[in-house]
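The residues making up each chain are set out below.
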Amino acid sequence: MDSNNHPGGRGGLGGIFGGSPGYSQSDLAGVPLTGMNPLSPYLNVDPRYLVQDTDEFILPTGANKTRGRFELAFFTIGGCCMTGAAFGAVNGLRLGLKETQNMVWSKPKNVQILNMVTRQGAMWANTLGSLALLYSAFGVIIEKSRGAEDDINTVAAGTMTGMMYKSTAGLRGIARGGLAGLALTSVYALYNNWEHIKGSNTRLSL
């Protein structure tokens, strides 16, 4: 009998001596692949190993997935400086146009408006940048001292920033600065936790 026509001929001997089984694709078409994973016909790799179900970045042991105050300090200071410069430029343009409204459009008027825009932009950038620097420094110090990061650090840093910024205005100025910082940071903390507060109230009402 021809071994090619026998279903166990070449397949049986070939399987024993290391040869490839003599089954055709039509013979294997109806065989169920229970418990087997399909392999890529191009890479011959199990697709399960190509799925990224873990974090993209490797974090040190004990590290947080969110950036701390020190990492955010540079972004905060730079953002406040640019915001102050933009606001100051707009305010300087408004003041310049108001002060030169009785002047005809000429080179002296343009120079005066440009000077006002530059002066106001630099002043506001310096002001907001200084506040951001104080706030970030106090926030980092409080975070390292307490060993925790929460809204208490935000409110405390804002209050101390206001007090320090108005430290040359006497006790009354220090108190006003502290209250202003306390109010602003409290509103900011309330805004960040609004969804959590609303969800808690909803659960309590149920």
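Since the structure is predicted, the reported quantities are computational estimates derived from the model, not experimental observations. (Residues numbered from 1 in each chain as written. Predicted model: local features only at pLDDT ≥ 70, side-chain atom pairs only at ≥ 80, totals over all residues. Heavy atoms only, no water.)

**Side note on the layout of surface pockets**
This is how it is decided: The rule is simple: put a 1 Å grid over the protein atoms alone, call a set of points where a 1.4 Å probe fits but cannot get out a cavity, call an open set with protein on both sides within 12 Å along at least five of seven lines a pocket, and count a residue as lining if it has an atom within 4 Å of a point. Grid points are joined across faces, edges and corners, and a volume is the space filled by probe spheres set on the points. A run of DSSP states H or I qualifies as a helix once it reaches four residues; a run of E qualifies as a strand once it reaches two. Both are numbered from the N-terminal end. Following the grouping adopted for this structure description, the nonpolar residues are Ala, Val, Leu, Ile, Met, Phe, Trp, Tyr, Cys and Pro, the charged ones are Asp, Glu, Lys and Arg, and the polar ones are all others, Gly among them.
Within this model, the largest pocket holds a volume of roughly 1,200 Å³. What lines the largest pocket is a set of 42 residues, and nearest its centre among them are Arg69, Thr76, Tyr135, Thr154 and Tyr188. Secondary structure elements with two or more residues in the lining of the largest pocket: α3 (69-99), α4 (107-146), α5 (151-165) and α6 (170-192). Among the residues forming the lining of the largest pocket, the class breakdown is 16 nonpolar, 16 polar and 10 charged.

**Here we look at the pattern of salt bridges**
Formally: For this analysis, a salt bridge means a side-chain nitrogen from Lys or Arg found within 4 Å of a carboxyl oxygen belonging to Asp or Glu. Classification of residues uses two cut-offs on accessible area relative to the type maximum, computed with a 1.4 Å probe and protein chains only: under 20% is buried, over 50% is exposed, and between them is partly exposed.
Tallied over the full model, the rule gives 1 salt bridge. Measuring nitrogen to oxygen at the nearest pair gives 2.9 Å for the salt bridge that ties Arg146 to Asp150. With relative accessibility at 39%, the residue Arg146 sits in the partly exposed group.

**Concerning the environment of Thr83**
The line we're drawing: In the analysis that follows, any N or O atom pair within 3.5 Å is treated as a polar contact, provided that within protein one partner can donate a hydrogen and the other can accept it, and provided that, for residues neighboring in sequence, both atoms belong to side chains.
In this fold, Thr83 is placed in helix α3. Thr83 gets classed as partly exposed once you look at its relative accessible area, which sits at 49%. Sequence-wise, Thr83 and Ala125 are 42 residues apart; in three dimensions their C-alpha atoms are separated by 7.1 Å. Here the side chain of Thr83 touches Gly79 through a polar contact of 2.7 Å, landing on its backbone oxygen.

**A word on the packing of aromatic side chains**
To be explicit about the condition: Each Phe, Tyr or Trp ring, with Trp reduced to its six-membered ring, pairs with another whose centre is within 6.5 Å; inter-plane angles below 30 degrees give stacked pairs, above 60 give edge-to-face pairs, and intermediate values give tilted ones. The criterion for a charge sitting over a ring is simple: Lys NZ or Arg CZ within 6 Å of the ring centre, and within 35 degrees of the ring normal.
Scanning the entire structure with this criterion turns up 1 aromatic pair. Ring centres of Phe87 and Trp124 lie 4.8 Å apart, and the angle between their planes is 80 degrees; this geometry places the pair in the edge-to-face category. On the criterion of sequence distance, the pair formed by Phe87 in helix α3 and Trp124 in helix α4 is long-range, its members being 37 residues apart. On the accessibility criterion, Phe87 (45% relative accessible area) is partly exposed. If you follow Lys109 out to its NZ or CZ, it ends over the ring of Trp105, 4.0 Å from the centre.

**So, the UniProt feature "transmembrane region" (unreviewed entry) in the protein**
This is how it is decided: UniProt positions are given in the numbering used here, feature names are shortened, and annotations may be inferred rather than shown by experiment.
Per the UniProt annotation, the sites labelled "transmembrane region" (unreviewed entry) are residues 72-93, 123-142 and 173-191. Split by type, residues 173-191 is 100% helix and 0% strand. Its first and last C-alpha atoms lie 27 Å apart.

**Structural notes on the packing of α3 against α4**
Heads up, the condition is: Note on method: axes are straight lines fitted to C-alpha atoms, helices fitted across the in-contact stretch only, with angles between N-to-C directions ranging 0 to 180 degrees. Note on terminology: angles under 35 degrees are roughly parallel, angles over 145 are roughly antiparallel, angles of 65 to 115 are roughly perpendicular, and the others are oblique. If you view the pair so one helix is near and one far, a crossing is left-handed when the near helix is turned anticlockwise from the far one by less than a right angle, and right-handed when it is turned clockwise.
α4 packs onto α3 with a crossing angle of 155 degrees between their chain directions and a minimal axis gap of 6 Å. When the interaxial angle is binned, α3 and α4 end up roughly antiparallel. Relative to α4, the crossing made by α3 is right-handed. Looking at the contact of α3 with α4, its residues break down into 21 nonpolar, 13 polar and 3 charged.

**Brief notes about the confidence of the model for the protein**
Formally: pLDDT: the predictor's confidence for each residue, scored from 0 to 100. The contact rule is simple, with two residues in contact once any of their heavy atoms fall within 4.5 Å.
Put simply, the protein has an average pLDDT of 77, and 64% of its residues get 70 or more. Element-level mean pLDDT values for the protein span from 47 in helix α1 (residues 9-16) up to 93 in α4. Every residue in residues 6-20 is under pLDDT 50, and counting partners more than four places away or in other chains gives 11 contacts.

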